[in-house]
Amino acid sequence: DKNIEVVIGTSCNKDWYSNASNVQMFVDTLQSKFGSSISQVKTILIGNEVNANSYTASDISIIMNNFKIALSKNNLSIPVTVTFSNLPIQKGDDYSDNLVSSVVLNWSKTWNDNNPFVFIDPYPDASGINNAAGIFAWQHEVTEYYKTKHPSLQIFIAETGAEGSNSDSTTIAVIDSVFSQLTLQYDSVSKTVPTFLFEAVNEPLKTGSPDQKFMGIYLDSSEPKKT
């Protein structure tokens, strides 16, 4: 389906992706599986929330360069970047700033017209965000802060949604409010902040706090065809 574009994430196994031959195998496999549809793969994400999983700037540099070499060898121009659990607004911290700088410094000029981007994961129920409007207000402030360090850097949203919802009815209100914010953006400037809603399907067996059983846009079913 030519209308569908995808983002592919790796595992969080830093050691595996620090090996150049492993990354070449990953890229070879990706190209083999997607075939002529490989152009619909728009981004490869390293791990998950790098600042919450002990990645260093050196880890990011090594892995990005492994991908850069492998992708170039296969004549592919797929951007490789990372997600953050979140990034600070107005005033950064050294750890976050170093990770962001590593992405920018190792960005290939052939990726996204040489405009680097990273993703953050702000949720409406998070402290300081409070609602759907707060998601994009936060994203704007993060963008403004990092413009002072990396003028061409773009901040996208990899995860947001109904994290603290305790029922589907609560989730509906949260998701609708996110869609409303995106509609306001589009009506204003005919584009939106690239935003991924987390997640597609409810997970009724999920444990932990905040409650994440009802985060899905779609209702879960024990019979897959009924989901």
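Check the entry above for the structure.
Only a predicted model underlies this, so the values are computations on that prediction, with no experimental measurement involved. (Residues numbered from 1 in each chain as written. Predicted model: local features only at pLDDT ≥ 70, side-chain atom pairs only at ≥ 80, totals over all residues. Heavy atoms only, no water.)

Q: An account of helix H5 (residues 132-147) is needed here, citing residue identities and associated values.
A: With 16 residues, H5 should cover 22 Å at 1.5 Å per step; its first-to-last C-alpha distance of 23 Å lies within 8% of that length. Looking at the buried residues of H5, the elements they touch are helix H4 (94-105), strand E5 (117-120), strand E6 (154-160), helix H6 (168-189) and strand E7 (195-197). Near the N-terminus of H5, the side chain that reaches the backbone nitrogen of Ala-133, with its oxygen 3.2 Å away, is that of Asn-131. (Helix = DSSP H or I, 4+ residues; strand = E, 2+ residues; numbered from the N terminus. Expected span 1.5 Å × (residues − 1). Contact = heavy atoms within 4.5 Å. Polar contact = N/O pair within 3.5 Å; in protein donor to acceptor, adjacent residues only side chain to side chain.)

Q: Go over the sheet that holds E6, please, and point to the residues and values.
A: Taken together, the four strands give an open sheet; going across it, the order is E4-E5-E6-E7, and neighbouring strands pair in parallel fashion. At either end of the open sheet lies a strand with only one pairing partner, and these are strand E4 (83-84) and E7. As paired strands, E4 and E5 are joined by two bridges and run parallel to one another. Pairing of Thr-83 across the sheet is with Phe-119, part of E5. Against the sheet, H5 engages E5, E6 and E7, with an angle of about 145° to E6. (Pairing = 2+ DSSP bridges. Axes fitted to C-alpha atoms, helices over the stretch in contact; angles between N-to-C directions.)

Q: Which residues make up the nonpolar core, and what values do they have?
A: By size, the foremost hydrophobic cluster in this structure holds 52 residues, and its most contacted members are Phe-67, Leu-71 and Phe-84. Mapped by element, the contributors of at least two residues to this core are helix H2 (20-34), strand E2 (41-45), helix H3 (57-73), H4, E5, H5, E6 and H6. It is H5 that contributes the most residues to this core, seven residues altogether. Leaving out residues up to four positions away in the same chain, Leu-71 has contacts with Val-27, Ile-44, Leu-76, Ile-78, Val-80 and Trp-111. (Core = buried A, V, L, I, M, F, W, Y, C linked by side-chain atoms within 4.5 Å. Buried < 20%, exposed > 50% of the residue type's maximum accessible area, 1.4 Å probe, protein only.)

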